[in-house]
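As a plain string of letters, each chain reads:
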Amino acid sequence: MPGHDFVAKPRRIVVGLTTRVYPDGRKREFMLEALAANMPLDALRFRIFGAGWEKVIPKLRAAGAEVDYYPGTDDYAADYQEIVDAIPDFDYYLYMGRDEGSLGTLDALSAGVKTIVAPQGFHCDLPHGITHPFWEQEELNAVFLEIIGGLNQRIDAVSQFSWREYSRQHVLLWRALSDGRVSDHIDRSSDKSIPEANAAVRHESKFTIYKRMFSYRRILSAFSHVPILHGVRNWLRWRS
């Protein structure tokens, strides 16, 4: 995320799968391979529980995804406990099979995890249990485009904010004030998504703008940051 000064970094979206795959392809794991071939997955982290994913995992990683793989052991109870412990950290539970339904869906919903599953079998008996339904590859691709796109939109909301940009905009504003070009500056820099507000500001006179900038409360606020004047600030607040 170039262009801003924020320390916080986005974490990857965690997508969990808790099923093994079979030679006949009944779990439709090929859909993940197709997904990886259709879009970058660098915003995702897959946590896969169950054997048989060795062919799929390299393709996910090649598309930019992180993958944690737990093929399982001979101790079913211990393996299941590991799954149960991990599920609350999923952002989404993914099941691509088209059968009577996945028991992992029940575990995911019990932990409050969103689901990406086919509307088939007992999945249809779970009120509000399917967050993102899909049947075919195009629909699955669309689900992940929406999920990844939502993350990118939130990141982009602050991508233009930086101390450098903040300073640059202030320089432009003060130059415009000095040269009497306030309306021109507002036309260029205002948010075009709120035209009514922009129009109101554009029609304000320079006197009105200066008056608002140097209002009593703004001056009081500025002086209130001087430690020695804190007592005066409190006295003025009490008087008002």
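Residues numbered from 1 in each chain as written. Predicted model: local features only at pLDDT ≥ 70, side-chain atom pairs only at ≥ 80, totals over all residues. Heavy atoms only, no water.

Chemist: When you look at the overall build of the protein chain in this model, what are you seeing that I'm missing?
Modeler: Counting secondary structure elements, the protein chain contains 11 helices and six strands. Each of the 240 residues in the protein chain was classed as buried or not, and the buried ones make up 35%. Taking the contacts inside the protein chain whose residues are at least 6 apart along the sequence as the reference set, 52% of them involve residues at least 24 apart. When the accessible area of the protein chain is evaluated, it comes to approximately 15,100 Å², of which 57% is carbon and sulfur surface. (Helix = DSSP H or I, 4+ residues; strand = E, 2+ residues; numbered from the N terminus. Buried < 20%, exposed > 50% of the residue type's maximum accessible area, 1.4 Å probe, protein only. Contact = heavy atoms within 4.5 Å. Areas by Shrake-Rupley, 256 points an atom, 1.4 Å probe, with all protein chains shown as cover.)

Chemist: Just checking my understanding: could you explain the pattern of salt bridges for this structure?
Modeler: Between side chains of opposite charge, pairing is possible as soon as their charged atoms come close. Applying the stated rule across the entire model yields eight salt bridges. Put simply, Arg11 and Asp91 hold a salt bridge, and the shortest N to O gap is 2.8 Å. With Arg11 in the segment before strand E1 (13-17) and Asp91 in the loop between helix H3 (76-86) and strand E4 (92-94), this pair connects stretches of sequence that are 80 residues apart. Arg11 gets classed as exposed once you look at its relative accessible area, which sits at 51%. Look at Asp91 and you get partly exposed, because its relative accessible area is 22%. Residue Asp99 pairs with Lys27 through a salt bridge whose shortest N-O separation is 3.4 Å. In this pair, Asp99 is assigned in the loop between E4 and helix H4 (103-110) and Lys27 in the loop between E1 and helix H1 (30-38), connecting sequence segments 72 residues apart. (Salt bridge = Lys/Arg side-chain N within 4 Å of Asp/Glu carboxyl O.)

Chemist: I keep staring at the packing of H1 against helix H5 (residues 137-156) and nothing clicks. Help me out?
Modeler: For any two helices packed against each other, the geometry comes down to the angle between their axes and how far apart the axes lie. For the pair H1 and H5, interaxial distance at closest approach is 10 Å and the crossing angle is 55°. Judged on the interaxial angle alone, H5 and H1 are oblique. In this structure, the crossing between H1 and H5 has a hand that is right-handed. In this structure, H1 contributes Met31, Ala34, Leu35 and Asn38 to the contact, and H5 contributes Gln137, Leu140, Asn141 and Phe144. A breakdown of the residues in the contact of H1 with H5 according to their chemical character gives five nonpolar, three polar and no charged. (Axes fitted to C-alpha atoms, helices over the stretch in contact; angles between N-to-C directions. Parallel < 35°, antiparallel > 145°, perpendicular 65-115°, else oblique. Left-handed = near helix turned anticlockwise from the far one by under 90°. Nonpolar A, V, L, I, M, F, W, Y, C, P; charged D, E, K, R; others polar.)

Chemist: How should I be thinking about the sheet that holds strand E5 (residues 114-117) in this particular structure?
Modeler: Strands belonging to one sheet form pairs held by backbone hydrogen bonds; the direction of such a pair is parallel or antiparallel. Read from one edge to the other, the open sheet built from six strands follows the order E3-E2-E1-E4-E5-E6, with strand pairing classed as parallel. Of all strands in the sheet, those with a lone pairing partner are strand E3 (66-70) and strand E6 (132-133), marking the two edges. As paired strands, E1 and E4 are joined by two bridges and run parallel to one another. Each residue of the ladder has a partner; that of Val15, found in E4, is Tyr92. (Pairing = 2+ DSSP bridges.)

Chemist: I would appreciate a short explanation of a nonpolar patch on the surface in the present structure.
Modeler: Side chains of Tyr76, Tyr80 and Val84 sit close together on the surface and give an oily, nonpolar patch of about 310 Å² of accessible area. Take Val84: it is sitting in helix H3. For Val84, a relative accessible area of 31% translates into the label partly exposed. (Patch = residues over 30% accessible without salt bridge, like charges linked within 9 Å, V, L, I, M, F, W, Y side chains within 5 Å.)

Chemist: Could you clarify how one ought to interpret the pairing of strand E2 (residues 44-49) in this entry?
Modeler: Most of E2 is tucked away, with five of its six residues classed as buried. Pairing geometry for E1 and E2, over five bridges, is parallel. Bridge pairing in E2 places Val15 opposite Phe46. After leaving E1, the chain enters H1 and then returns to the sheet as E2, a path that is right-handed. Pairing analysis gives five bridges linking E2 to E3, with the strands arranged parallel. Counterpart to Ile48 in the pairing with E3 is Tyr69. Running through helix H2 (residues 57-62), the crossover from E2 to the neighbouring parallel element E3 is right-handed. (Right-handed = clockwise from strand over helix to strand, strands pointing away.)

Chemist: So what exactly am I meant to see when it comes to the packing of aromatic side chains here?
Modeler: For any pair of aromatic rings, the description rests on two quantities: the centre-to-centre distance and the angle between the ring planes. The final tally for this structure, using the stated rule, is three aromatic pairs. Each ring, one from Phe49 and one from Tyr70, has its centre 4.4 Å from the other, and the planes form 10°; the classification is stacked. Here Phe49 is found in strand E2, whereas its partner Tyr70 is found in strand E3, with 21 residues between them in sequence. Judged by relative accessible area, which is 24%, Tyr70 ranks as partly exposed. Seen in terms of ring centroids, Phe49 and Phe90 are 6.4 Å apart; in terms of plane orientation they differ by 40°. Their pairing is tilted. Here the residue Phe49 occupies a position in strand E2, and Phe90 occupies one in the loop between H3 and E4, the gap between them amounting to 41 residues. Taken together, the ring pairs in this structure connect Phe49, Tyr70 and Phe90 into an aromatic cluster. (Phe/Tyr/Trp six-rings, centres within 6.5 Å; stacked < 30°, edge-to-face > 60°.)

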